[in-house]
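So the chains spell out like this:
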Amino acid sequence: MKFNKEYLSIAVLYLFVFLYIILDNKPGLTILFVLMAASYHFYITIKVHNVLESDKETSVSVLETKLEKTRREREEAYKRFISLSTTLGSGVLLVDEEGIIKLVNKDMIDFFDCDFNDIDYQKVNDIEPLYKFINEAYLIENRLRRQIKYKKKYYDLISNPLFDKDMFMGTLILVHDITQLTNAEKFQKRFTADVSHELRTPLSAIKGFSEILSRDKNINLEEHDEFVDLINKEANRMEIILNDLLIISKMDRLDYELTLTEKDVLDLIKENVSVIKKQAKDKGLDISIDVESKILYLDVTKMTQVILNLLKNAINYTDKGFVKVTGYQKDEDYILKIEDSGIGIKEQDYQKIFKRFYRVDKARSRDTGGSGLGLSISKNVVKKHGGKISVSSVVDKGTTFTIKLPVTK
Ligand code: ADP
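Residues numbered from 1 in each chain as written. Predicted model: local features only at pLDDT ≥ 70, side-chain atom pairs only at ≥ 80, totals over all residues. Heavy atoms only, no water.

Trainee: Give me the lowdown on the site of the ligand, citing residues and values where you can.
Mentor: In the vicinity of the ligand there are 22 residues, among which N313, D340, S365, G372 and L375 approach most closely. In this structure, a nitrogen atom belonging to the ligand sits 2.9 Å away from a side-chain N or O atom of D340. Here an oxygen atom of the ligand sits 2.9 Å away from a polar atom, N or O, in the main chain of G372. For the shell around the ligand, the element with the most residues is helix α8 (residues 300–316), which contributes three residues. Here the residues of the shell around the ligand are counted per class, giving ten nonpolar, nine polar and three charged. (Near = heavy atom within 4 Å. Polar contact = N/O pair within 3.5 Å; in protein donor to acceptor, adjacent residues only side chain to side chain. Helix = DSSP H or I, 4+ residues; strand = E, 2+ residues; numbered from the N terminus. Nonpolar A, V, L, I, M, F, W, Y, C, P; charged D, E, K, R; others polar.)

Trainee: Give a detailed account of a negative patch on the surface, specifying residues and quantitative values.
Mentor: Residues D216, E222, E223, D225, E226 and D229 make up a contiguous surface patch of negative charge. Mapped onto the elements of the fold, E226 is located in helix α6 (residues 221–251). (Patch = residues over 30% accessible without salt bridge, like charges linked within 9 Å, V, L, I, M, F, W, Y side chains within 5 Å. Areas by Shrake-Rupley, 256 points an atom, 1.4 Å probe, with all protein chains shown as cover. Salt bridge = Lys/Arg side-chain N within 4 Å of Asp/Glu carboxyl O. Lys, Arg positive; Asp, Glu negative; His and termini not counted. Charge placed at Lys NZ, Arg CZ, Asp CG, Glu CD.)

Trainee: If you had to explain α8 to someone new, which residues and values would you point to?
Mentor: Compared with an ideal rise of 1.5 Å per residue, which puts 17 residues at 24 Å, α8 spans 24 Å between its outermost C-alpha atoms and is within 8% of the ideal. Those residues of α8 not exposed but buried are K302, M303, V306, I307, L308, N309, L310, L311, N313, A314, I315 and N316. (Expected span 1.5 Å × (residues − 1). Buried < 20%, exposed > 50% of the residue type's maximum accessible area, 1.4 Å probe, protein only.)

Trainee: Summarise the packing of aromatic side chains; cite the residues concerned and give the values.
Mentor: This structure, assessed with the given rule, holds 14 aromatic pairs. Ring geometry for F111 against Y155: centres 5.2 Å apart, planes inclined by 40°, an arrangement best described as tilted. Of this pair, F111 sits in helix α3 (residues 106–112) while Y155 sits in strand β4 (residues 153–164), placing them 44 residues apart in sequence. No difference in accessibility class separates F111 from Y155, as the two residues are buried. Feature note: the residues F111, F112, F116, Y150 and Y155 constitute an aromatic cluster, connected by ring pairs. When the ring centre of F191 is taken as origin, the NZ or CZ atom of R356, which lies over that ring, is 5.1 Å away. (Phe/Tyr/Trp six-rings, centres within 6.5 Å; stacked < 30°, edge-to-face > 60°. Lys NZ or Arg CZ within 6 Å of the ring centre and 35° of its normal.)

Trainee: Lay out a positive patch on the surface with the relevant residues and their values.
Mentor: A contiguous patch of positive charge on the surface is contributed by K149, K152, K186, R190, K355, K379 and K383. Position of K149 relative to the elements: it lies in strand β3 (residues 144–150).

Trainee: Quick rundown of the sheet that holds β3? Include the residues and the values.
Mentor: Judged by pairing direction, the sheet is antiparallel, and its five strands sit side by side in the order β2-β1-β5-β4-β3 without closing on themselves. The outermost strands of the open sheet, each flanked by one partner alone, are β2 (101–104) and β3. Recorded for the sheet is a direction-independent mean angle of 25° between the axes of neighbouring strands. Sitting on the sheet, helix α4 (residues 128–140) touches β1 (91–96), β3, β4 and β5 (167–177), and the angle it makes with β3 is about 165°. Contacting β4 and β5, helix α5 (residues 179–215) crosses the sheet at an angle of about 130° to β4. (Pairing = 2+ DSSP bridges. Axes fitted to C-alpha atoms, helices over the stretch in contact; angles between N-to-C directions. Contact = heavy atoms within 4.5 Å.)

Trainee: Summarise the packing of α5 against α6; cite the residues concerned and give the values.
Mentor: Each pair of packed helices can be described by the angle between their axes along with the distance between the axes. α6 packs onto α5 with a crossing angle of 160° between their chain directions and a minimal axis gap of 9 Å. Our classification of the angle between α5 and α6 gives roughly antiparallel. The handedness of the crossing between α5 and α6 comes out as left-handed. A per-class count over the contact of α5 with α6 returns 20 nonpolar, two polar and three charged. (Parallel < 35°, antiparallel > 145°, perpendicular 65-115°, else oblique. Left-handed = near helix turned anticlockwise from the far one by under 90°.)

Trainee: Let's hear about unusual backbone geometry: which residues, and what values?
Mentor: Of note in the backbone geometry, K151 takes a positive phi value of approximately 45° without being a glycine. Within the fold, K151 resides in the loop between β3 and β4.

Trainee: Tell me about the nonpolar core, residues and numbers included.
Mentor: Formed by 57 residues in total, the largest nonpolar core has its most connected members in M303 and I403. Per element, the largest residue contribution to this core is eight residues, and it comes from α8. Leaving out residues up to four positions away in the same chain, M303 has contacts with L268, L298, V381, V382, H385, I403 and L405. By size, the runner-up hydrophobic cluster in this structure holds 26 residues, among which are F112, Y155, F168 and V175. (Core = buried A, V, L, I, M, F, W, Y, C linked by side-chain atoms within 4.5 Å.)

Trainee: Account for helix α7 (residues 265–282), naming residues and giving values.
Mentor: With 18 residues, α7 should reach 26 Å at 1.5 Å per residue; the first-to-last C-alpha distance of 26 Å fits that figure. Largest kink in α7: about 50°, centred on I276. Residues of α7 that are buried: V265, L266, L268, I269, N272, V273, I276 and A280. For α7, the N-terminal cap is D264; the gap from its side-chain oxygen to the backbone nitrogen of L266 is 2.9 Å. Looking one or two residues beyond α7, the residue adopting positive phi is G284, at roughly 75°. (Bend = angle between axes of the 7 residues up to and from the residue.)

Trainee: Could you give an account of the sheet that holds strand β11 (residues 388–394), with specific residues and numbers?
Mentor: The five strands are arranged β7-β9-β10-β12-β11 in an open sheet whose pairing can be described as mixed. Bordering the open sheet on either side are β7 (286–291) and β11, each of which pairs with just one other strand. Averaged over all pairs of adjacent strands, the angle between their axes in this sheet comes to 15°, without regard to strand direction. Pairing geometry for strand β10 (residues 333–340) and strand β12 (residues 398–406), over eight bridges, is antiparallel. Within β12, the position partnered with I335 by the bridge is K404. Contacts from α7 reach β7, β9 (322–330) and β10, with the element oriented near 180° to β7.

Trainee: How would you summarise the pairing of β3 if you had to cite specific residues and measurements?
Mentor: Bridging between β3 and β4 involves seven bridges; their strand directions are antiparallel. When the bridges of β4 are listed, Y150 appears paired with K153. The hairpin turn running from β3 into β4, its antiparallel successor, is two residues long, and K151 in that turn takes a positive phi close to 45°.

Structure below.
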């Protein structure tokens, strides 16, 4: 006991007074001693009371300080967690044992455009796929993994139950945005299906004609030559497709680089026009060049593929009239236009024609021996040069493809 000494001294004092009363019965002095003992008793009681009060205050303030320290530490830990989890690029959400969302980072809020902080997880039921996942993870108290789609985006969700000595303390949920990956996977699957389809057509034709040739012994020389020509044509088509696929697979590689050299655009155009001049002439098309001379930094091989593809298309999709190439510098760009007076392209197809294997008129493209990959390759090459390619057209009047290239290195 803390005040033993004080209480003992009071008891001793009272004992003396008591003994004095018994042994020496003088009323005056007896009253004096009793008063002195009572005063001392009163003084000690007050003193003890004050000490106890101040002790109480001290322990309350110590407790408060401790609590404040713990609160600050928790706040610090929370802030550290939030800033750390923000750099992860993944969403984090913690549902406690009572189903209240306790921790949530910025990515999580951004992914689902919802402030989850301190709400019952039941309240997120308008984000249905996420809600279903949290609900299941929370109820089964076990690890769970699922992929969900929400507003055109794909997410990979993982739940980890938290236990403290077998006591369920809640569930930690991690969310990764896998939209890019999923789209790339889908794109790859579609592309593989398209490639198989594109190759199957000429392959079936080759197989069919060669079977006729080997089976039908009564075939005459004229028919024989015709079938051989068709086999040749289809084999050439397959070769064109495979070559373009090879170019595309190189372009898709991360280490795809250009080999830039100085080249006068006028020379580049002249060289390419001379390659297809005969083709234009055979169709009765007028082909002209109005290009300003200018040295640009280009990957000549790849840019040649682009120009040749655009010129070939212009000739292939034009039955009468002209094909014209214009080039000039405008501010920091060099503008190159390849114009024709051909069948034209509907506005709704402007973007689509730059996609792999897209053709407005499949039969016509097949007749011209196109792979359906030319514009997609061209767009990629121009982009890699820091430029842009666009199209404008009037159906039955003609089409103009415009390439904008930076003039600086
Ligand atoms: P293709 O090998 O079929 O020509 P491209 O990728 O070069 O493949 O072109 C895609 C499609 O765009 C073509 O199939 C055609 O429908 C359309 N196209 C391209 N150039 C022209 C043009 N100058 N005039 C009209 N249509 C064009």
